[in-house]
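Descriptive structure summary
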Amino acid sequence: MASVQTAAAASTGLFGSVGPAGSAWLRLCFAALVFVAVARPKVWALPRADLGWSIVLGGVTGAMTVLYVESIARIPLAMATALEFLGPLAVAVLRRTGRWGLVWPALALAGVLALTRPWQGGADLVGVLLALGAAFCWGAYILLTQRVGERLPGVHGLAISLPAAALATAVVGLPQALPGISAQVLWQAAALALLLPVLPFTLELLALRRLPSAVFGVLMCLEPAMAVLVGLVLLGQVPATVQLAGIVLVIVAGVGAGRTAKA
């Protein structure tokens, strides 16, 4: 989580040169090269189902990455992350046991309203919608990563899904990035790719082999809090008191959903 949020904040420095989607695409390209070089997957020898799920994971990963960076280009990092966290929260809620599981979506909704403050009209609606799209993709990413991690050894799944993600996002990333590509931009993107997605995606894959998806979703509840800290320190983004309360509500909803979820 620390790696994801630090890289997300640092990526904003590339937006002026290659755009949000362009920066995401470049990171995915470098990450794909790293995983292919490490794993050297024998794609032709894989069962068709395993290859198919890995490619689907790549498409979801690419969409999640681009939607998230496009959202943080429009709304504060902590707000975007809290909204995106609704994806893991939904995974935990869908696996709930008992009626108490229905309380947590309502609590999360209250948190979202406190974060976006629609009564003030200050939040960028496009940024909010992009973050919610990333949330949907993050929920699917958790389920797909668990499935692929169970079927393929090591990081072979990532060695297939990341190239697929880079190809899928080229349609939006390449046009943004091409006019601003330079040696400096490429070095920065390569370094950021190690922070996101190489390190966190590897750790998430290993974690999801050992943890139920609902438990993983609960642990991810710390992500909005990490985003507040990183946004404050690196970007100088100071959330309002009501927005901090909204982040707390989303985190509490995540913890509660996980405690009522099936293993």
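In what follows, the accompanying structure is described. What you see is a predicted model; the values in this text were computed from it and never measured.

Quick notes on the rules
Residues numbered from 1 in each chain as written. Predicted model: local features only at pLDDT ≥ 70, side-chain atom pairs only at ≥ 80, totals over all residues. Heavy atoms only, no water. Helix = DSSP H or I, 4+ residues; strand = E, 2+ residues; numbered from the N terminus. Rg over C-alpha atoms; globule rule 2.2 N^0.38 Å. Buried < 20%, exposed > 50% of the residue type's maximum accessible area, 1.4 Å probe, protein only. Salt bridge = Lys/Arg side-chain N within 4 Å of Asp/Glu carboxyl O. Contact = heavy atoms within 4.5 Å. Phe/Tyr/Trp six-rings, centres within 6.5 Å; stacked < 30°, edge-to-face > 60°. Expected span 1.5 Å × (residues − 1). Patch = residues over 30% accessible without salt bridge, like charges linked within 9 Å, V, L, I, M, F, W, Y side chains within 5 Å. Areas by Shrake-Rupley, 256 points an atom, 1.4 Å probe, with all protein chains shown as cover. Core = buried A, V, L, I, M, F, W, Y, C linked by side-chain atoms within 4.5 Å.

Attention shifts here to the overall build of the chain. Of the regular secondary structure elements, the chain holds 13 helices and 0 strands. In the chain, the succession of α and β elements from N to C terminus is α-α-α-α-α-α-α-α-α-α-α-α-α. Relative to the globule expectation of 18 Å for 263 residues, the C-alpha radius of gyration of the chain, 18 Å, shows essentially globular dimensions. Referenced to the eigenvectors of the C-alpha coordinate spread, the extents of the chain come out at roughly 50 × 40 × 25 Å. Across the 263 residues that make up the chain, the buried fraction comes to 51%.

A few words now on the pattern of salt bridges. For the structure on display, the rule yields 2 salt bridges. Of the charged contacts in the structure, one is a salt bridge between R74 and E70, with a shortest N-O distance of 2.8 Å. Among the residues examined, R74 registers a relative accessible area of 37% and is labelled partly exposed.

To continue, consider the environment of L195. You can see L195 is positioned in helix α10 (residues 183–210). It is 23 Å that separates the C-alpha atoms of L195 and F136, two residues lying 59 residues apart in sequence. L195 has contacts with S3, V4, T6, A7 and P200, leaving out every residue within four places of it along the chain.

As a further point, take the packing of aromatic side chains. Given two aromatic rings, one states the distance between the centres and the angle between the planes to describe the pair. Evaluated as defined, the whole model comprises 1 aromatic pair. Aromatic side chains Y141 and F201 sit 5.3 Å apart centroid to centroid with 40° between the ring planes, which places their arrangement in the tilted category. Here Y141, found in helix α8 (residues 125–151), pairs with F201, found in helix α10; they are 60 residues apart in sequence, far enough to count as distant. As far as the burial class goes, Y141 and F201 line up, both buried.

To continue, consider helix α3 (residues 20–39). End to end, α3 covers 29 Å across 20 residues, agreeing with the expected 28 Å (1.5 Å per residue, within 8%). After α3 finishes, the residue R40 shows a positive phi value of roughly 45°.

Now for the side chain of S3. Along the chain, S3 falls in helix α1 (residues 2–11). The residues touching S3, leaving out its near neighbours within four places in the chain, are L195, L196, L199 and P200.

Here the residue pair L196 and P197 is connected by a cis peptide bond, since its omega of 20° sits within 30 degrees of zero. In this structure, P197 sits in helix α10. Here R40, not a glycine, exhibits a phi torsion of approximately 45°, which is positive. Within the secondary structure, R40 is located in the loop between α3 and α4 (48–72).

Let us now look at the side chain of S71. Among the secondary structure elements, S71 is positioned in helix α4. Residue class for S71 comes out buried when judged on its relative accessible area of 0%. Non-local contacts of S71, meaning those with residues more than four positions away in its chain, are made with A80, G127, L130 and A131.

Before going further, it helps to examine a nonpolar patch on the surface. On the surface, a nonpolar cluster with roughly 500 Å² of combined accessible area is contributed by L229, L232, V233, L234 and V238. Within the secondary structure, L234 sits in helix α12 (residues 222–235).

This part is about the nonpolar core. Ranked by size, the top nonpolar core spans 67 residues in total, and within it L77, Y141 and L162 carry the most contacts. Residue contributions to this core peak at 9 residues, all from α8. Contacts of L162, omitting those with residues within four sequence positions, involve L28, A31, A32, F35, P197 and F201. In this structure, L14, L26, V185 and A189 belong to the second largest nonpolar core, which totals 8 residues.

Following the sequence through the fold, L208 ends up in helix α10. Here the alpha-carbon distance between L208 and Q146, two residues 62 residues apart in the chain, equals 5.4 Å.

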